[in-house]
Structures are given as structure tokens and as C-alpha cells.
Amino acid sequence: PYLGQGGHAYLQEWLWWAGLLCMGVGEAANFAAYAFAPATLVTPLGALSVLVSAVLSSTFLNEQLNVHGKIGCILSILGSTVMVIHAPQEEVVSSLASMAEKLKDPGFIVFALCVLVSSLLLIFVAGPRYGQSNVLIYVLVCSAIGSLSVSCVKGLGIALKELFSGKPVLREPLGWVLLVCLVICISIQINYLNKALDIFNTSVVTPIYYVLFTTAVMMCSAILFKEWQHMVLDNIIGTISGFLTIVSGIFLLHAFRDMPFTPDLLPLFLQQGRADLHALWRTADRHQSCQHQPLLPSEDKGSQSAEEEEEE
């Protein structure tokens, strides 16, 4: 009954809960990756999950993966490879005390305040007016809040590493604060992402969400962990180029997923038999150019004879 209205009817479906459980397992692995690698590298590589989903859908759900989708998969792999090669190096944060100092940075405080204010405006002002017609409203909320959730994940990863090394992390209030903030951020993301998917087509929401979410995470990581501070120019260009390549691949994979690709869509010079037709046309044109005959020879001859009789 709530289909297309941004409701919560999906909570009654067991398939949604099964999918959520599988996503939770994947996010747990993603959580571990954030503890050992820069967020600027981990987040864009999430595009590989979109690639795997497309391949599995084509294999098990009999969905057609057209030429555009295959090209998008190749571009996603190439872009991910380029980003791995030119991955930035973040400042070493080995303890919760160091993480607390990072969170007190004025640049990150300003960024977090901007994210919170803009998210509140989108939720309470723009959402009721334009949420049903503009896909960017709910996706922007998910992306902005997602950048903060990644920061919380990084902090909790550091706390877990300290916990496994035998340090009394459970007594630190920062770890619990990060955990509460992470739960709140993930809840908001799931809620508004499902609203966007309920109202708009998946092929529209997925690439837009990926681009906005990855961009927000890269900005947050650059401010909080200074990942771009010591990068040379070629690594910066390589990272940006790899990210844009992944974006292009995701766009091709989703934007044209329902577009049938037949030989009729090819240019004429690529279609079968076009070469023979082109050769015949050139041969006929060559013969016509050599003849140099008038278009209406009979009429011309008749008019010439009439003129000669008048002169006589």
C-alpha cells in the first residue's frame, strides 16, 4: 500500500531482511577494510560490489547484460586498478587519543556542522516538498550522513585494534560515542536510501548515490586524515582519473541496462553487408562519372533540330 510513497512496507518482507543480513556481512568486511586502508581507497572500490551484482543478476536472475553493461564492468575494473596504484597515504592514527585530536580539528568541525545543517534542511524542508519528485533530496541525505559514518567506522576500527592488543579501550568514552553515532548514521542512511529506491528507479538511484557518497567520503577523509596533503601531482591525477573512470563505468552499467542492443543500432558502415553495398555504389558512381551524358538526350536533340529549322 505504500509503494511509491516512501513508506515502510518493505519491513514486512522476509526477502528484504535477508538482503539486509547479507549487506550486513558485506559491511562487516568493509568495516575491517577501513581499519587498515585509507577511506579514499576503500570507498571507491565499493563499485566492485555493483559489478558483482550485475554479473550475478545476469547469471542467476536471467537479466540481460548488454554491451553497455559489459563496457561499464571493464571500466570499473580499470578505474579500480588505477586507484589502487595511486592510492593516497593517510596520516597514521594508532590510538583513540590520536583520533580524538583529529576530531577536534577546526576543519573537520566545520565540515561536520555543514553536513548536519544541510541534512536537517533536506529532511525537514526540502524533503516534504520535493522528495517525491527529485531524486537528489534523499540521496544527498544518505551521502552526507554516510561521510560521517565512515569516520565513525575508522575510529571504531582503531578501537578494536587497541582492544585486541590488550588496552583498556572499553573505559574510553570516545569509543562508545563513535558507536552510538555510527548506529544513528546507518539508520538514517538505510531509511532514506530505501525511500529513494521506493520512489525512483534503481538504475537512477544507484549511480547517483555512488558518486555523491564517494565524493562526500573522499572530502571528509581528506579533511580529517589529511590523505591528500603529501600526495604528488601524478598520484592526485591518477586517483581522480581512476575515480572518474569508475563513475563512467557505473553510469554505463545502470543508465543503459534496459536498453536493447541490436545490430540495427550500429552505424551503417559497421553493419553486415555494408562493405559490399559501398563497393557497388562506388563502382556505379565511377561509371556514371565517366559517361558525362546529359539527363534528357532525346529532348535536347529535338530542341536543337527545331532551332536549326527556324534558322533556315
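Values in this document were obtained by computation on a predicted structure and should not be read as measured data.

Caption draft 1: Main features of the environment of N30. Checked against the element boundaries, N30 lands in helix α1 (residues 14–36). For the pair N30 and G46, spaced 16 residues apart in the sequence, the C-alpha separation amounts to 8.6 Å.

Caption draft 2: Main features of the packing of aromatic side chains. Summed over all chains, the structure comprises two aromatic pairs. Taking 5.6 Å as the distance between ring centres and 40° as the angle between the ring planes, the aromatic pair formed by Y138 and Y192 counts as tilted. Of this pair, Y138 sits in helix α7 (residues 136–164) while Y192 sits in helix α8 (residues 173–199), and the two are 54 residues apart along the sequence. Both residues of the pair, Y138 and Y192, count as buried. Geometrically, the ring pair formed by Y209 and F213 is stacked, given 5.5 Å between the ring centres and 20° between the ring planes.

Caption draft 3: Main features of the pattern of salt bridges. Throughout the structure, instances matching the rule amount to one salt bridge. Two residues, K167 and E162, come together in a salt bridge whose shortest N-O distance is 3.9 Å. Overall, the relative accessible area of 44% leaves K167 in the partly exposed class.

Caption draft 4: Broad picture of the packing of α7 against α8. Two elements in contact, α7 and α8, have axes whose closest approach is 8 Å; the angle formed by their N-to-C orientations is 155°. If you check the angle between α7 and α8, you find them roughly antiparallel. When the axes of α7 and α8 are compared, the crossing they make is left-handed. Here the contact of α7 with α8 is composed, by residue class, of 19 nonpolar, five polar and one charged.

Cut-off values and rules
- Along each chain, numbering runs from 1 in the same order as the chain's sequence is written.
- Thresholds applied to this predicted model are a pLDDT of at least 70 for local features of residues and 80 or more for the giving and counting of side-chain atom pairs; totals over whole chains, interfaces and linings are not thresholded and use all residues.
- Hydrogens are left out, water is left out, and the side-chain values use all remaining heavy atoms of the structure.
- In this text, helices come from DSSP runs of H or I with a minimum length of four residues, and strands from runs of E with a minimum of two, each type numbered from the N-terminal end.
- Pairing of aromatic side chains requires ring centres within 6.5 Å, counting the rings of Phe and Tyr and the six-membered ring of Trp. Pairs whose planes differ by under 30 degrees are stacked, by over 60 edge-to-face, and all others tilted.
- Think of it in three bands: residues with accessible area under 20% of the maximum for their type are buried, residues over 50% are exposed, and the middle band is partly exposed, with areas taken using a 1.4 Å probe on protein chains only.
- Whenever Lys or Arg places a side-chain nitrogen within 4 Å of a carboxyl oxygen from Asp or Glu, that contact is recorded as a salt bridge.
- Every axis in this analysis is a line fitted to C-alpha atoms, fitted for helices over the stretch in contact. Angles between the N-to-C directions lie between 0 and 180 degrees.
- Oblique is the label for every angle not falling under 35 degrees (roughly parallel), over 145 degrees (roughly antiparallel), or within 65 to 115 degrees (roughly perpendicular).
- In this scheme the crossing of two helices becomes right-handed for a clockwise turn of the near helix relative to the far one and left-handed for an anticlockwise turn of less than a right angle.
- Under the convention adopted here, Pro, Cys and the residues Ala, Val, Leu, Ile, Met, Phe, Trp and Tyr are nonpolar, Asp, Glu, Lys and Arg are charged, and Gly plus all remaining residues are polar.

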